[in-house]
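Chain and residue survey
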Amino acid sequence: MQGDAVQGDAVQADELQADWRWANTDDWEPPSELDTAIAHPARMYDYYLGGKDNFPADREAAERIIATVPYARLGARLNRQFLGRAVTFAAERGVRQFLDIGTGIPAVGSTSEVAHRVAPDARVVYVDNDPIVLTHARALLANHPAGYTTVIQADLREPAAILDHPGVRAAIDLAQPVALMLVAVLHFVREEENAAQVVAQLRDALAPGSMLILSHGSQDFITPETAEATAGIYSKSSAPLVLRDRAQIASFFDGFDLVEPGLVQLPLWRTDDVELPADWQHVSGYAGVGVKR
Ligand SMILES: C[S@@+](CC[C@H](N)C(=O)[O-])C[C@H]1O[C@@H](n2cnc3c(N)ncnc32)[C@H](O)[C@@H]1O
């Protein structure tokens, strides 16, 4: 860990190491310097989840979000649970390749941990544009010479670079179904950055039977004032937050058939058998899984 981040990754790394099996990090270069002066979404999210891999600017911005949206931490937790249920769903239906874009700082309940529980032969490629994610992933992967998890640094806004990346090409056979995971990341891509085209380009590269696993922040369950204040705080971070309404988020599933229960408020995706925490209604985001036609 660098800079003045709170120490404590050893415990987290121990918990995770068993899960990280294979690193295709030959082309990885350490970031010259992490930008700690402004908040970064990966590190703010880490803070919401109770992680230690964040800096004062991240904590300050995250605390401002929590003061504005008291359910931010609950939302992050429930988002992780959605990720776990959706990955289990995809793996149980035979998907063996996961392209997880906007991975976040490694945390318990990661895509590879969940996928490998169902299918030890599943291949997982993690993609994030924040060097801190790579830093942690590299540390975790270093002692695992053989396995099925790859991590690359790339930007969702440049889908061709992701699809053509040697790490992706080595791990993923695009002729076979892939679970494309855009979990709590697309709301960092603005309209003028062609969010819809980015998703379409990724979709078009996938074989039929591939899945889109998506969650996305929305203004639909909060007041306009809260939405504006939230976006205002993120606008000073390294990535602006673009909340979208249900119709806008549903349009990302063009070319996919949504599986039951469809695109729903995030805490409600396949939670019939789960006791929801109090206040779940306040979590302002949607989640869904679609299968490519
Ligand atoms: C809120 S976290 C979500 C982490 C994880 N997907 C989850 O849902 O638990 C968002 C992640 O997306 C990453 N991210 C934001 N914009 C991105 C972009 N344009 N390309 C790749 N990753 C991005 C951030 O660095 C961060 O790690």
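Anything mentioned here points back to the structure above.
Please read these numbers as outputs of a predicted model, since none were measured by experiment.

Attention shifts here to the site of the ligand. Taken together, 19 residues lie near the ligand, and Tyr-45, Asn-79, Gly-102, Asp-128 and Val-183 sit nearest. Between a nitrogen atom of the ligand and a main-chain N or O atom of Gly-102, the distance comes to 2.6 Å. Asp-155 places a polar side-chain atom, nitrogen or oxygen, 2.9 Å from a nitrogen atom of the ligand. Protein chains bury 97% of the 600 Å² of accessible surface belonging to the ligand in isolation. When residues of the shell around the ligand are assigned to their parent elements, the largest contribution, three residues, is made by helix α4 (residues 72–92). Tallied by class, residues from the shell around the ligand come to nine nonpolar, five polar and five charged.

The set of residues buried in helix α9 (residues 195–204) consists of Ala-195, Val-198, Val-199, Ala-200, Leu-202 and Arg-203. Residues of α9 that are buried in the fold lie against β1 (97–101), α7 (159–164), β4 (179–183), β5 (211–217), β6 (256–258) and β8 (285–292).

Now for the nonpolar core. Ranked by internal contacts, the top residues of the largest apolar core, which has 39 residues, are Phe-82, Phe-98, Ile-213, Trp-269 and Val-289. Those elements that place two or more of their residues in this core are α4, α5 (111–118), β2 (123–128), α6 (131–141), β4, β5 and β8. Top contributing element to this core by residue count: α4, with nine residues. Apart from the residues lying within four places of it in its own chain, the contact partners of Phe-98 are Val-87, Ala-90, Ala-91, Thr-111, Ala-115, Ala-122, Arg-123, Val-124, Val-125, Ile-172, Ala-179 and Met-181. Grouped together as the second largest cluster of nonpolar side chains are 32 residues, Leu-156, Val-178, Leu-182 and Val-199 included.

Right, let's get into unusual backbone geometry. With omega at 5 degrees, the peptide bond leading from Glu-260 into Pro-261 counts as cis. With respect to the element layout, Pro-261 can be found in the loop between β6 and β7 (264–265). Positive phi outside glycine occurs at Ala-184, with the angle close to 55 degrees. As for its placement among the helices and strands, Ala-184 is situated in the loop between β4 and α9. Judged by relative accessible area, which is 19%, Ala-184 ranks as buried. Even without glycine at this site, Asp-279 takes up a positive phi of about 75 degrees. Mapping Asp-279 onto the fold places it in the loop between β7 and β8. Asp-279 gets classed as partly exposed once you look at its relative accessible area, which sits at 36%.

Tallied over the entire structure, the rule returns 10 salt bridges. Taking the shortest distance from any N to any O, the salt bridge between Arg-43 and Asp-58 comes out at 2.7 Å. You can see Arg-43 sitting in helix α2 (residues 41–48) and its partner Asp-58 sitting in helix α3 (residues 56–68), a full 15 residues away along the chain. For Arg-43, a relative accessible area of 0% translates into the label buried.

In this section: the packing of aromatic side chains. Per the stated rule, a full pass over the model turns up four aromatic pairs. Relative to Trp-269, the ring of Phe-89 lies with its centre 5.7 Å away and its plane at 85 degrees, an arrangement referred to as edge-to-face. With Phe-89 in helix α4 and Trp-269 in the loop between β7 and β8, the pair connects residues that are 180 residues apart, well separated along the chain. Here the two residues Phe-89 and Trp-269 agree in accessibility, since each one is buried. When the centroid spacing of 5.9 Å and the interplanar angle of 50 degrees are considered together, the rings of Phe-188 and Tyr-234 count as tilted. You can see Phe-188 sitting in the loop between β4 and α9 and its partner Tyr-234 sitting in helix α10 (residues 224–234), a full 46 residues away along the chain. Note on Phe-188: relative accessible area 18%, which makes it buried. A residue is classified by how much of its surface remains accessible, and Tyr-234, at 7% relative accessible area, is buried. In textbook terms, an aromatic cluster arises when at least three aromatic residues are bridged by ring pairs, as seen for Phe-82, Phe-89 and Trp-269.

How each quantity is defined
- Residues numbered from 1 in each chain as written.
- Predicted model: local features only at pLDDT ≥ 70, side-chain atom pairs only at ≥ 80, totals over all residues.
- Heavy atoms only, no water.
- Near = heavy atom within 4 Å.
- Polar contact = N/O pair within 3.5 Å; in protein donor to acceptor, adjacent residues only side chain to side chain.
- Areas by Shrake-Rupley, 256 points an atom, 1.4 Å probe, with all protein chains shown as cover.
- Helix = DSSP H or I, 4+ residues; strand = E, 2+ residues; numbered from the N terminus.
- Nonpolar A, V, L, I, M, F, W, Y, C, P; charged D, E, K, R; others polar.
- Buried < 20%, exposed > 50% of the residue type's maximum accessible area, 1.4 Å probe, protein only.
- Contact = heavy atoms within 4.5 Å.
- Core = buried A, V, L, I, M, F, W, Y, C linked by side-chain atoms within 4.5 Å.
- Salt bridge = Lys/Arg side-chain N within 4 Å of Asp/Glu carboxyl O.
- Phe/Tyr/Trp six-rings, centres within 6.5 Å; stacked < 30°, edge-to-face > 60°.

None of this, on its own, says anything about what the molecule does.
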